[in-house]
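# Coordinate inspection notes
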Amino acid sequence: MRVLVVEDNARMAALLRRGLTEEGYSVDVVGDGLDAIELASKQPYDAVVLDVMLPGANGFEVCASMRRDGQWAPVLMLTARDELDWRVRGLNAGADDYVIKPFAFAELTARLRAMLRRGTPDREPVLSHGAVRADPAARRVWNNGVEVTLAPTQFDLLSLFLRSPGEVLTRGRILAEVWDFAYDARSNVVEQHVALLRRRMQEVAEWQDLETVRGVGYRLRPVPAH
């Protein structure tokens, strides 16, 4: 098994190299995010151990770049910050798991083995509807050929509609699938994010495909047959 370690702290990098080598892995180590992107584009890896705080390009940028380039080796992200938004950023960038520094080496290797047992996930196909395309793996969206920058929740909302064209999605179902019931059903969070999604899509090209079904929810109009 070949593992890429991306860590700019020389002492930590040396410890990871030695420990993983003793576990039987073939290990490459780089300390710069841009170098990691270049190396990953040339050499296939079975897994990547990736620090967040890096020179050149941070870990989020490295992971997102790998996913955009079709590199689906599982990524274990290392971070010294335990805030929820940092962990969410890592997962949204395409990381598979994370370990908080300082960590026990036994935990890191256990998580690495678990990722390798799961194997490289199948890449979810690109979703399309009329002039809109969305790549769930890279979390990128285009409207009429122009890329649209969406917040994570807006992207998840659009993906849900793209997977269910012509189907009326109730507010309850949207809350369950996008927010996992994290919000009170009486809140207007769905309406707010639908409005933001429509606004962002309209900023780059015409988009009238999402209609409100009064008193029920929303529906992505089917693409007319030609």
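Residues numbered from 1 in each chain as written. Predicted model: local features only at pLDDT ≥ 70, side-chain atom pairs only at ≥ 80, totals over all residues. Heavy atoms only, no water.

### What about helix α1 (residues 10–22)?
The cut-off we apply is this: A run of DSSP states H or I qualifies as a helix once it reaches four residues; a run of E qualifies as a strand once it reaches two. Both are numbered from the N-terminal end. To estimate how far a helix should reach, multiply one less than its number of residues by 1.5 Å. For the exposure calls, accessible area comes from a 1.4 Å probe over protein chains only, and a residue counts as buried if that area is under 20% of its type's maximum, exposed if over 50%, partly exposed in between. Working note: the arc is built from the helix axis to C-beta atom directions. Contacts were defined at the residue level, with two residues in contact if any of their heavy atoms lie within 4.5 Å. Polar contacts, as counted here, are pairs of nitrogen or oxygen atoms within 3.5 Å of one another; within protein the pair requires one atom able to donate a hydrogen and one able to accept it, and residues that are adjacent in sequence qualify only if both atoms are side-chain atoms.
Between its first and last C-alpha, α1 extends 18 Å over 13 residues, near the 18 Å set by a 1.5 Å rise per residue. Taken residue by residue, α1 has A13, L16, G19 and L20 as its buried positions. Burial along α1 is one-sided: seen end-on, the buried residues are contained in an arc of 140°. Turned more than 90 degrees away from the buried face of α1 sit A10, R11 and E22, all of them exposed. Contacts made by the buried residues of α1 are with β1 (2–6), β2 (26–30), β4 (75–79) and α5 (105–118). Capping the start of α1, N9 holds a side-chain oxygen 3.1 Å from the backbone nitrogen of R11, two or three residues further along. Looking at the residues trailing α1, positive phi occurs at G24, about 100°.

### Some words on the environment of Q154
Inspection of the secondary structure puts Q154 in helix α6 (residues 152–162). Those residues in contact with Q154 that lie beyond four places of it in its chain are H193, L196, L197 and R200.

### What about the pattern of salt bridges?
Rules: Here, a salt bridge means any Lys or Arg side-chain nitrogen found within 4 Å of an Asp or Glu carboxyl oxygen.
Counted by the stated rule, this structure contains 15 salt bridges. Residues R219 and E211 are paired through a salt bridge, measuring 2.5 Å at the closest nitrogen-oxygen approach. Residue R219 is classed as partly exposed on the basis of its relative accessible area of 22%. A relative accessible area of 18% means that E211 is categorised as buried. In this structure, the salt-bridge partner of E211 is R221, at a minimum N-O distance of 3.4 Å.

### What about the sheet that holds strand β12 (residues 217–220)?
Which entries qualify depends on this criterion: Pairs of strands are assigned from DSSP output, requiring at least two bridges between the strands. Interaxial angles span 0 to 180 degrees and are taken between N-to-C directions of axes, which are lines fitted to C-alpha atoms, for helices over the stretch in contact.
Pairing in this open sheet of three strands is antiparallel, and the strands run β10-β12-β11 from one edge to the other. Taken across any chain shown, the strands that pair with only one partner, and hence form the sheet edges, are β10 (168–170) and β11 (210–213). Sheet twist, expressed as the average angle between the axes of neighbouring strands with direction ignored, equals 30°. Here β10 runs beside β12; their pairing, made up of three bridges, is antiparallel. The residue of β12 that forms the bridge with L169 is Y218. Across the sheet, α6 lies against β10, β11 and β12, angled at about 65° from β12, the strand it touches most. The strands touched by helix α8 (residues 189–204) are β11 and β12; relative to β11, the strand with the most contacts, the crossing angle is about 155°.

### Some words on the sheet that holds β4
Taken in spatial order, the five strands line up as β2-β1-β3-β4-β5 in an open sheet, and their pairing is parallel. The open sheet has two edge strands with one neighbour each: β2 and β5 (97–100). On average, each strand axis in the sheet is tilted by 20° relative to the strand beside it, whichever way the strands run. For β1 and strand β3 (residues 47–51), the ladder comprises four bridges, and the chain directions are parallel. The partner of L4 across the bridge, within β3, is V48. The sheet strands contacting helix α3 (residues 59–68) are β3 and β4, and the helix crosses β4 at an angle near 170°.

### Examining the packing of aromatic side chains
Note the threshold: Aromatic contacts are taken between Phe, Tyr and Trp rings whose centres are within 6.5 Å, Trp giving its six-membered ring; a plane angle under 30 degrees counts as stacked, one over 60 as edge-to-face, and the others as tilted. Any Lys NZ or Arg CZ found within 6 Å of a ring centre and within 35 degrees of that ring's normal is scored as a charge over the ring.
Under the defined criterion, the tally for this structure stands at one aromatic pair. With 6.5 Å between their ring centres and 75° between their planes, F161 and Y218 make a pair best called edge-to-face. Here F161 is found in helix α6, whereas its partner Y218 is found in strand β12, with 57 residues between them in sequence. Taking NZ or CZ as reference, R133 lies 4.5 Å from the ring centre of W142, over its face.

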